[in-house]
Amino acid sequence: MAQKGVQLDQETFSCSICLDLLKDPVTIPCGHSYCMNCIKSHWDDKDEKETHSCPQCRQSFTPRPVLLKNTMLAVLVEELKKTGLQAAPADHCYAGAEDVACDFCTVRKLKAYKSCLQCLASYCEKHLQPHYDVAPLKKHKLVEPSKKLQENICSRHDEVMKIFCRTDQQLICSLCSVDEHKGHDTVSAVAERAERQRELEGSRQNIQQRIQDREKDVKLLQQQAEAINLSADKAVEDSEKIFTELIRLLEKRSSDVEQQVRSRQKSEVSRVKELQEELEQEITELKRKDAELKKLSHTEDHNQFLHNYPSLSPLSQPTSSIHICPLSCFEDVTAAVSEVRDKLQDVLREKWTNVSLTGTEVDVLLPQPEPEPKSRAGFLKYSRDITLDPNTVNTQLLLSQGNRKATFTSQHQSYSSHRYRFTNWPQVLSRESLTGRCYWEVERRVRGVHVAVSYKNIRRAGRSDECGFGRNDKSWALSCKENSYTFWYNNVQTRVSGPLSSRVGVYLDHSAGILSFYSVSETMTLLHRVQTTFTQPLYAGLCFYYGASYFHIDLSQFKKSETF
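Residues numbered from 1 in each chain as written. Predicted model: local features only at pLDDT ≥ 70, side-chain atom pairs only at ≥ 80, totals over all residues. Heavy atoms only, no water.

For the protein chain, the name recorded in an unreviewed UniProt entry is Tripartite motif-containing protein 16-like, with Sander lucioperca as its organism.

Encoded structure:
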């Protein structure tokens, strides 16, 4: 409660102009008090007027009051200063270069809290208070602080512009409506804002729906990426296991071969050693026998020689001859292993190609637009009933056949004024908006015409490029002359080649951002395709060259179907 009392004292003894404690306080006849310099400066700025008013209650005084220092207030302010309390706002409350400043602060301007569309001024919280207290000011429209309030003032009549001219597509004041805009299609700015707000909401809904669709696509891609990572990790893990098993199998086969070779080696060596021992024993016996015979041969006594000779033991049968073959007993093993190696390499080469091809292609299921039909019958599945809107047709065009045919005339038609009518360009838009996938054909006769699509918010009044199909970023047009085609967008023209025909087919896939023009005769030939992003519903459009004859949209023979 004590703090609230201090705050009350600060506000009570503060100047509503500078928002600081009163300096040389003066009280004017209405009872409000100000710093002497603040109120003098305020009135000096208005000195050219005969009357002077209170900045707070707006009470007027004639003549200008004489200012005298209020000594009682001065004493109270001095006592308040002794307490060390100040009523000055914090630094962050003052307006910077980028802020909207209060128009009524005279010394150091505070940030504006609100702007008034009737006063065309911005106020801090202190100076805004009369808009909450004074009955006439309570009806004023307060908005967020704005630096563009002066844009609401008519440069010719210095009045607030509260009227919108639909003919010229601009804001005007009440004097303009009875002057140069007399007879134009005019409505209040509030009414025009309400209608454009509805169009804006429709565009936002379209954009938000596309955002939701793309967010779903992003989520699907994230899931696809996770699935790819999981699949790749599993493939690597499984491959490592398979190759590990294969390596173990080869190692086991290598060990088996080694064991078999060593076993055979041991057997063969043992057999060779047995034969070697037998031969060595035979050699020993032969050497002994040779020694006996040698000794007998040296006996000199003939009788003794003859007596001992019969007693010699006969020689044993010799061992079979040993034939040593070239050392190739293990070459069959090497050959067999080599054959296994070659076959394994062949298998790996053959199967590895399949493994590589399988691993290099990963399907990412991106949302793809449905492909365009290949035949006229396919296009006709997306045909639309299209009529021309009489509220948009230029006065030099005459509609007939249930608003499905337009003819260029030299005489102006007496159409009523309408804000959607093209005032200068000989153009017309369809009544139906086009979304999803749809197809229509335009039959033209004699001279040139633009076959177009356009957003609804294309400008209608005037001769500028903002109104012409293909001359701005709100429309796309194929110019069909007697002997050539030209595509127009944003005032840039592109030459188009293709067979000339009196019938042009238009295919639109709004969500995919595809717009295609075809020459239609016995066959269909693509003339030009646009790939972009459409942010609003589209409307079929037609624009004549001056002096052209007529053309009409003929869908009577089409098979009707729903628009997808």
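(A) The state of the cysteines, seen in detail. Going through the model one piece at a time under the given rule, you end up with 0 disulfides. Between Cys-173, a cysteine without a disulfide, and Cys-176, which holds the nearest cysteine sulfur, the sulfur-to-sulfur distance is 3.6 Å. (Disulfide = S-S within 2.5 Å.)

(B) Here's a closer look at the side chain of Ser-454. With respect to the element layout, Ser-454 can be found in strand 15 (residues 449-455). By relative accessible area, which is 0% here, Ser-454 ends up buried. Here the side chain of Ser-454 touches Lys-474 through a polar contact of 3.4 Å, landing on its backbone oxygen. Contacts of Ser-454, omitting those with residues within four sequence positions, involve Leu-429, Phe-469, Lys-474, Ser-475, Pro-537, Leu-538 and Tyr-539. (Helix = DSSP H or I, 4+ residues; strand = E, 2+ residues; numbered from the N terminus. Buried < 20%, exposed > 50% of the residue type's maximum accessible area, 1.4 Å probe, protein only. Polar contact = N/O pair within 3.5 Å; in protein donor to acceptor, adjacent residues only side chain to side chain. Contact = heavy atoms within 4.5 Å.)

(C) Region of interest: the environment of Thr-494. Within the secondary structure layout, Thr-494 lies in strand 18 (residues 492-496). Residue classification places Thr-494 among the partly exposed residues on the basis of a relative accessible area of 36%. Note: C-alpha distance between Thr-494 and His-528 (34 residues apart in sequence) is 9.5 Å. Beyond its immediate chain neighbours, meaning those up to four positions away, Thr-494 contacts Thr-486 and Phe-487.

(D) Just the pattern of salt bridges, in detail. Within this structure, the stated rule accounts for 24 salt bridges. Salt-bridge contacts for Asp-342 lead to Arg-341; the nearest nitrogen and oxygen are separated by 3.3 Å. Exposure remark for Asp-342: the relative accessible area of 34% places this residue in the partly exposed category. Residue Glu-441 pairs with Arg-376 through a salt bridge whose shortest N-O separation is 2.9 Å. Taken together, the residues span a long stretch of sequence, with Glu-441 in strand 14 (residues 437-445) and Arg-376 in helix 10 (residues 376-380) at a distance of 65 residues. (Salt bridge = Lys/Arg side-chain N within 4 Å of Asp/Glu carboxyl O.)

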